[in-house]
Amino acid sequence: MNPEKDKIYIVGNWKMNPVSLDDAETMFDEMENDVYKMQGDNIEVVVCMPYVFISDFDSDGKIKLGAQNIFWEKQGAYTGEISSEMLRKIGVKYAIIGHSERRKYLGETDEMVNLKMKACLAGGLKPILCVGETLEERKRGDAGEIIIGQVERALAGISESDLRGKLLIAYEPVWAVGAGMTPSTDDVMSVGLLIKKVISKFYGSRELAENTPVLYGGSVSSQNCFDLVDKTGLRGLLVGGASLEAREFVGIIKKFVK
Ligand code: PGA
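Computed from a prediction, not measured in an experiment: that's the story for all the values here.

Trainee: Residue-level account of the site of the ligand, with values.
Mentor: Near the ligand lie 13 residues; those nearest to it are Lys15, His99, Glu172, Gly178 and Ser219. Residue His99 places a side-chain N or O atom 2.6 Å away from an oxygen atom belonging to the ligand. A distance of 2.6 Å is found between an oxygen atom of the ligand and a backbone nitrogen or oxygen belonging to Gly178. Its free accessible area being 280 Å², the ligand has 94% of it covered by the protein chains. For the shell around the ligand, the class distribution of residues is four nonpolar, seven polar and two charged.

This is the structure we're talking about:
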């Protein structure tokens, strides 16, 4: 086994939960206790929690810390924003970029996503780039085109050497996020292959494509998680709702421990 190439990523996205630090500590400690007991080297577990809690957690523990967003400038007069630089200094290793909820509620465009991708890498964080089609786009048969466009525009102007060993891409069909339904494993597999093809063509590098982990996200549970990776050739999962309950999240991780 090649430890890097075969690594499975299980990323929890807590979104705007929980409301108190006490609850965040309870959830995290419960998860971490179990992960300490069981985790082999083949799994990277990441929790992306609200900014306000992050610095209260040990960044050198078994669970890595991630952010749910960043701003594209390093510092300055940008009210309410947080930079990748600031996050790295408190031990954050990953940042979700371009989540569909940010695209929907905050008007995040592909151009903003591209600026954030650049800032994320420049600040020393690994981006987890989210792409995915809406239900209408899928029904129209446009899913492939949408995903190709999102990947290409997110990566515009970023060199292969800047991405090597850092980029992760999460395929999150918008219609599956928080909806209790998932695409078929065949559909997930074909989008995974499509994303690899886009990267390979965009950079003229099959190696980069092969080494870029593609994750699936959208209504993942301990029931459906194994097939979504095992039957698709993907390299992990971005887990929303199911990451808010320690037992369920740990149940997902356990399925992949070797
Ligand atoms: P969900 O969210 O697992 O609750 O569908 C996934 C995500 O938004 O990353």
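Trainee: Kindly report on the packing of helix 1 (residues 21-38) against helix 12 (residues 246-254), identifying the contributing residues and their values.
Mentor: One can describe the packing of helix 1 onto helix 12 by two numbers: an axis separation of 9 Å at closest approach and a directional angle of 25°. With respect to each other, helix 1 and helix 12 are oriented roughly parallel. Both helix 1 and helix 12 take part in a crossing whose hand is right-handed. Every residue of helix 12 that contacts helix 1 at Met27, Glu30, Met31, Asp34, Val35 and Met38 is listed here: Ala246, Phe249, Val250, Ile253 and Lys254. Across the contact of helix 1 with helix 12, the residue classes tally to eight nonpolar, no polar and three charged.

Trainee: Before we move on, could you go through the pattern of salt bridges and cite the residues and values that matter?
Mentor: This model, assessed by the stated rule, comprises 15 salt bridges. For Glu160, the salt bridge goes to Arg164, with nearest N and O atoms at 2.4 Å. With a relative accessible area of 40%, Arg164 lands in the partly exposed category.

Trainee: Lay out the pairing of strand 1 (residues 8-13) in plain terms, naming residues and giving numbers.
Mentor: The buried fraction of strand 1 is high, at six of six residues. Neither face of strand 1 is open: one carries Ile8, Ile10 and Gly12, the other Tyr9, Val11 and Asn13, and all of them are buried. Sheet topology places strand 1 next to strand 2 (residues 43-48); six bridges connect them, and they run parallel. By the bridge assignment for strand 2, Val11 is matched with Val46. Pairing of strand 1 with strand 8 (residues 236-239) involves four bridges; the strand directions are parallel. Bridging from a neighbouring strand, Val11 pairs with Leu238 of strand 8.

Trainee: Would you mind going over helix 1 in detail, with residue names and values included?
Mentor: For helix 1, built from 18 residues, the straight-helix expectation of 26 Å at 1.5 Å per residue is met to within 8% by its first-to-last C-alpha distance of 26 Å. Of all the residues in helix 1, the buried ones are Ala24, Met27, Phe28, Met31, Glu32, Val35 and Met38. All buried residues of helix 1 lie within an arc of 130° about the axis, which places them on one face of the element. In this structure, helix 1 carries Asp22 and Lys37 as exposed residues pointing more than 90 degrees from its buried face. The secondary structure elements touched by the buried residues of helix 1 are strand 2, helix 2 (51-54), strand 3 (63-67) and helix 12.

Trainee: Let's hear about the sheet that holds strand 3: which residues, and what values?
Mentor: In a beta sheet, neighbouring strands are held together by backbone hydrogen bonds and run either parallel or antiparallel to one another. If you trace the eight strands once around the closed barrel, you get 1-2-3-4-5-6-7-8, paired in parallel fashion. Strand-to-strand twist in this sheet, taken as the mean axis angle between neighbours without regard to direction, amounts to 25°. Pairing analysis gives three bridges linking strand 6 (residues 168-171) to strand 7 (residues 214-217), with the strands arranged parallel. Looking at the pairing, Tyr171 lines up with Tyr216 of strand 7.

Trainee: Got a sec to walk through the nonpolar core? Specific residues and values, please.
Mentor: One finds Ile10, Ile199 and Leu237 to be the most contacted residues of the largest nonpolar core, which totals 68 residues. It is helix 9 (residues 185-203) that contributes the most residues to this core, seven residues altogether. Excluding residues within four positions of it along the chain, Leu237 makes contact with Tyr9, Ile10, Val11, Leu215, Tyr216, Val220, Cys225, Leu228, Val229, Ile252 and Phe256. Grouped together as the second largest cluster of nonpolar side chains are 12 residues, Tyr9, Val11, Val46 and Leu215 included.

What counts, and at which threshold
- Residues numbered from 1 in each chain as written.
- Predicted model: local features only at pLDDT ≥ 70, side-chain atom pairs only at ≥ 80, totals over all residues.
- Heavy atoms only, no water.
- Near = heavy atom within 4 Å.
- Polar contact = N/O pair within 3.5 Å; in protein donor to acceptor, adjacent residues only side chain to side chain.
- Areas by Shrake-Rupley, 256 points an atom, 1.4 Å probe, with all protein chains shown as cover.
- Nonpolar A, V, L, I, M, F, W, Y, C, P; charged D, E, K, R; others polar.
- Axes fitted to C-alpha atoms, helices over the stretch in contact; angles between N-to-C directions.
- Helix = DSSP H or I, 4+ residues; strand = E, 2+ residues; numbered from the N terminus.
- Parallel < 35°, antiparallel > 145°, perpendicular 65-115°, else oblique.
- Left-handed = near helix turned anticlockwise from the far one by under 90°.
- Contact = heavy atoms within 4.5 Å.
- Salt bridge = Lys/Arg side-chain N within 4 Å of Asp/Glu carboxyl O.
- Buried < 20%, exposed > 50% of the residue type's maximum accessible area, 1.4 Å probe, protein only.
- Pairing = 2+ DSSP bridges.
- Expected span 1.5 Å × (residues − 1).
- Arc of directions from axis to C-beta.
- Core = buried A, V, L, I, M, F, W, Y, C linked by side-chain atoms within 4.5 Å.

Honestly, it's all geometry; don't read function into it.
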